[in-house]
Amino acid sequence: MLDQNCETLRALHVRGKPLVLPNAWDVPSARAVVAAGFPVVATTSAGVADALGYEDSEHAPATEMFAAAARIARSVDAPVTCDAEAGYGLPPDELVDALLNAGVVGCNLEDTDHKGGGLIDVERQAERLAAIRRAATGRGYRLVINARVDVFLSRHEGALDGRMKEGIARARAYLDAGADCVYPITLADERAIGQFVDAVDAPVNILRLPQAPTTPRLAELGVARVSYGSRIQRQLLEELAKILAEARG
């Protein structure tokens, strides 16, 4: 069943007909996503970490993050893909075992170095992705890898054109290493998204930031996957704050 769900997720990555993923952070939010008719549940590391009482960016213990993903996977009748951040420093074999044991069909993997800061060297990240793919294949596990490209995050300096060149090079290297999709997180400029999609010629995931193009426009640009990250959880918490303020008043 897991292999079938892996292939279901992989087949839903279609350029121009994006898979929309309103990311979940716990069992009730995941069940709400499925009840609303979405075919796949994706977790958000920021949302899961927040629900567990930690900050994002690998401050939460890997065991707790994978346990949360496993609870979600057990609780919904839909494939679940896990935001595995940068892999928590786990060797490829251990990371694949953790994902497999959680019952998830896919994962996001970042190229941010959370301990040393900055970006992981592109060749080293590509080698790691290739090792993860080999480990999954060796287990007969058709894991869907969404390789995040973090060069567009605001903490990285430089003109967009320069970062675009590096981002495209990273994306191509990760795809060659065995990734199924690439995720230039926070890339929101319409022209730049179109350029990126055309250049990599493979499934691309775009974060649905408020300033990003609409989902129909992203479809026209050839995007294959649209995710919301922790945006929905933050909006709900803002609404909760309003309710609490009214209750107190």
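Please refer to the structure placed before this passage.
Residues numbered from 1 in each chain as written. Predicted model: local features only at pLDDT ≥ 70, side-chain atom pairs only at ≥ 80, totals over all residues. Heavy atoms only, no water.

### Observations regarding the pattern of salt bridges
Step number 1: Following the criterion strictly, the structure yields 15 salt bridges and no others.
Step number 2: Here aspartate 180 ties to arginine 10 by a salt bridge, and the two come within 2.9 Å at their closest N and O atoms. Taken together, the residues span a long stretch of sequence, with aspartate 180 in the loop between helix H7 (160–176) and strand S6 (181–183) and arginine 10 in helix H1 (residues 2–11) at a distance of 170 residues. Each of the two residues, aspartate 180 as well as arginine 10, counts as buried.
Step number 3: Ionic contacts of the salt-bridge type, sharing partners, join the residues Glu7, Arg10, Arg133, Arg142 and Asp180 into one network. (Salt bridge = Lys/Arg side-chain N within 4 Å of Asp/Glu carboxyl O. Helix = DSSP H or I, 4+ residues; strand = E, 2+ residues; numbered from the N terminus. Buried < 20%, exposed > 50% of the residue type's maximum accessible area, 1.4 Å probe, protein only.)

### Quick word on the layout of surface pockets
Step number 1: By volume, the largest pocket amounts to about 520 Å³.
Step number 2: Lining the largest pocket are 33 residues, and of these Ser45, Ala46, Asp56, Arg148 and Ile185 lie nearest its centre.
Step number 3: Mapped onto the lining of the largest pocket, the elements with two or more residues apiece are helix H3 (45–52), strand S3 (80–83), strand S7 (205–207), strand S8 (225–227) and helix H10 (231–248).
Step number 4: Among the elements that make up the lining of the largest pocket, the one with the highest residue count is S3 (three residues).
Step number 5: Class assignment of the residues belonging to the lining of the largest pocket gives a composition of ten nonpolar, 14 polar and nine charged.
Step number 6: Considering only enclosed or pocket space, the second largest pocket measures out at about 320 Å³ in volume. (1 Å grid on protein atoms, 1.4 Å probe; cavity = no way out; pocket = protein on both sides within 12 Å on 5 of 7 lines; lining within 4 Å. Points joined across faces, edges and corners; volume = space filled by probe spheres on them. Nonpolar A, V, L, I, M, F, W, Y, C, P; charged D, E, K, R; others polar.)

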